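# Results of the structural survey
As a plain string of letters, each chain reads:
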Amino acid sequence: MKTQLTLAAAIAVSATGAYAGGMDRSGQSIAPLFEDGSYVELSFGNVNPSVSGVFTHPTFGDFASGDMASTYTMFGAAYKRDLSDALSMAIIIDQPFGADVDYGDADANYPFATASAKVSTTGVSAILRYKLNDNFAVHGGVRALRSHGEVSLPAIPSVSAPSYTLDTSNETDYSYLVGASYEIPDIALRAAVTYNSKTTINFDTTESTAGSQTMEVIMPESINFDFQTGIAADTLLMVSARYAKWTQTVIDPVGYAELVSYDDDTISYSLGLGRRLSEKLSASISYGFETSAGTPAGNLGPTDGYKSVSIGAKYNVSENTAISGGLRYVWIGDATTSTIGAEFTDNNAVGFGLKLSHSF
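So, here is what we can say about the structure in this document.

Procedures and definitions
Residues numbered from 1 in each chain as written. Predicted model: local features only at pLDDT ≥ 70, side-chain atom pairs only at ≥ 80, totals over all residues. Heavy atoms only, no water. Helix = DSSP H or I, 4+ residues; strand = E, 2+ residues; numbered from the N terminus. Rg over C-alpha atoms; globule rule 2.2 N^0.38 Å. Buried < 20%, exposed > 50% of the residue type's maximum accessible area, 1.4 Å probe, protein only. Contact = heavy atoms within 4.5 Å. Areas by Shrake-Rupley, 256 points an atom, 1.4 Å probe, with all protein chains shown as cover. Lys, Arg positive; Asp, Glu negative; His and termini not counted. Charge placed at Lys NZ, Arg CZ, Asp CG, Glu CD. Pairing = 2+ DSSP bridges. Core = buried A, V, L, I, M, F, W, Y, C linked by side-chain atoms within 4.5 Å. Salt bridge = Lys/Arg side-chain N within 4 Å of Asp/Glu carboxyl O. Phe/Tyr/Trp six-rings, centres within 6.5 Å; stacked < 30°, edge-to-face > 60°. Lys NZ or Arg CZ within 6 Å of the ring centre and 35° of its normal.

Turning our attention to the overall build of the protein. Helices and strands together make up the secondary structure of the protein, namely one helix and 24 strands. The globule rule puts the C-alpha radius of gyration for 360 residues at 21 Å, and the 22 Å found for the protein is close to it. Taken over the C-alpha atoms alone, the protein extends approximately 65 × 40 × 30 Å along its principal axes. Among the 360 residues that make up the protein, the fraction classed as buried is 48%. The long-range share in the protein, meaning contacts at least 24 apart out of those at least 6 apart in sequence, stands at 65%. Summed over all atoms, the accessible surface of the protein reaches about 16200 Å², with 56% contributed by carbon and sulfur. Each charge class in the protein was averaged separately, 20 positive and 38 negative side chains, and the resulting centres sit 12 Å apart.

By way of backbone hydrogen bonds, the strands of a sheet pair with one another, either parallel or antiparallel. Ordered in space as β3-β2-β23-β22, the four strands form an open sheet in which the pairing is antiparallel. Two strands close off the open sheet at either side, each with one partner strand: β3 (61-64) and β22 (335-336). Of the strand pairs in this sheet, strand β2 (residues 53-57) and strand β23 (residues 343-344) are connected by two bridges, and their pairing is antiparallel. Across the sheet, Gly-53 pairs through a bridge with Phe-344, a residue of β23.

The tendency in soluble globular proteins is for nonpolar side chains to be buried side by side. Core analysis: the biggest nonpolar cluster contains 47 residues, and Met-23, Tyr-103, Tyr-110, Phe-112, Leu-153, Met-219 and Leu-259 have the highest contact counts within it. For this core, the secondary-structure elements that each account for two or more residues are β4 (72-82), β6 (98-102), β7 (116-131), β8 (136-153), β9 (164-168), β12 (199-207), β13 (211-219) and β21 (321-332). Apart from residues lying up to four places away in sequence, Tyr-110 is in contact with Val-54, Phe-55, Phe-63, Ala-64, Ser-65, Tyr-103, Ile-340, Ala-342 and Phe-344. If you look at the next biggest cluster of nonpolar residues, it comprises nine residues, including Phe-34, Ala-90, Ile-92 and Leu-177.

As a further point, take the pattern of salt bridges. Inspection of every chain in the model, using the stated rule, returns nine salt bridges. When the shortest N-O distance is used, the salt bridge between Arg-25 and Asp-100 registers 3.0 Å. Placement of Arg-25 in the loop between α1 (2-9) and β1 (39-50) and of Asp-100 in strand β6 is noted, with a sequence separation of 75 residues between them. Both residues of the pair, Arg-25 and Asp-100, count as buried. In this structure, a network of salt bridges that share partners links the residues Arg-25, Asp-100 and Lys-118.

Let us look at the pairing of strand β24 (residues 347-359). Pairing between β1 and β24: 12 bridges, direction antiparallel. When the sheet's bridge partners are listed, Asn-48 is paired in β24 with Val-350. Relative to β24, β21 is paired through 12 bridges, and the arrangement is antiparallel. Among the inter-strand pairings, Leu-327 is bridged to a residue of β24, identified as Phe-352.

Negative phi characterises most residues that are not glycine, and trans characterises most peptide bonds. Despite not being glycine, Asp-234 shows a phi value in the positive range, around 60°. Within the secondary structure, Asp-234 is located in the loop between β14 (222-232) and β15 (235-244). Of note in this structure, Thr-339 is not a glycine but carries a positive phi near 70°. Relative to the helices and strands, Thr-339 is located in the loop between β22 and β23. Taking relative accessible area as the criterion, Thr-339 reaches 57% and is therefore assigned exposed.

Our focus in this paragraph is the packing of aromatic side chains. Throughout the structure, instances matching the rule amount to 13 aromatic pairs. Ring centres 5.6 Å apart and planes at 20° place the aromatic pair Tyr-103 and Tyr-110 in the stacked group. On the accessibility criterion, Tyr-110 (2% relative accessible area) is buried. Plain terms: the ring middles of Tyr-329 and Trp-331 are 4.8 Å apart, the flat faces sit at 70° to each other, and that makes the pair edge-to-face. Judged by its relative accessible area of 33%, Tyr-329 falls in the partly exposed class. In this structure an aromatic cluster arises from ring pairing among Phe-55, Tyr-103, Tyr-110 and Phe-112. Arg-25 extends its terminal NZ or CZ atom over the ring of Tyr-72, reaching a point 3.4 Å from the ring centre.

That's the geometry; what it means functionally is another story.
This is the structure:
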C-alpha cells in the first residue's frame, strides 16, 4: 500500500515554484530524502507572473507601473541513497530565493519607471537521515548558498532619492538544517518537521553613490512541516506549512538606506489530494494560500499573500523511471506600496514544472 500511495505523492507541482512572500521560491523541500532505496531526479520550473499597479499623483492623475514582475525559471536536482538499513543521505540542489523586477514598461511619470532588480541564489544541501526505529527518524545537514544581487533605481524627486545602482559580489555562505519524522508505512503516514537556520551573507558591493563597500544580508530562518496519510485505497491526503522569518532580512547598503525590508514574517500552507489512477498514472490537486499581512509592501515586491490551485500528474515510463508535471495558477494578493502608495490589484501568476526521476 505504501508504494502505491507514494506514487501519487511524488507529483512535480512543487517544481512550478510558489509566488510566496519575501523572496521565497523553492520552499527548501527535502522530499527526496524520503524516497525508497537509491533515487535521482532532475526538475525544471517556469513561473510567469503578471503584476501591475497604479500610482495616483494628487495633481497629475494616474500613472501605470506596467507589468513589473519578470518571468523566471527554476532548476533542481537531487540524489539519495541508503548507506545502511538505518542511515541514508541526500544531496539536493535548488534555487531557494530570488527576485526579478523590471519597471521598463511603466509610464514615464511613474516614480519607479526604469527601475530593475535581480537576486539569484543556488543552494546545495547535504543531508543525513537516521532511523531510530521503524517509526521515528531524525535528519540534519549543511547547506551552501551561492548568492548575487543587482539593483538600478531612477531618481525620485518627490522623496529626495537620487538615482542609484548596486552590484554585489558572488558569495557562498553556509547554514544548517535539523529535523525529525514519524512514519507508519502501512498507511503511508508521514509527518516531518525541518528547521532551516538563517544564512548570513557578507557582500562586497559597488554602489553608484558610495563606491566600494561591504554589506551584510540575512536570508531568513524557516520551519517546514509536511504531513501525508492514506485516507482510502490509492488515495493520499497531503498537508504542508512553511514559516519564514522575513523580518530578519534587511538590504541596507551604505548609499541607499534600507533598500529592502519586511514588516512581517510569512506562513504559507498547502492542502492536497493524490490519487493513483492506474499502474502507471497518478494525479494530484492542491490548494495553497499565504495570508495577507495588510501592511505596505516594498516597491520591488508589491504583493501581499496569495491563493493558488495546482494540478499534477506522474507517469511511470518503466518500473523505475517516471516523468511528472504540474501546473499552478496563483491569485496574488493586493498590495499598497511604501514610499509612493501605489495600488497593485488583480494580479496573478502561472507556473508549470517538469520532473524526471529514476530509482535504482
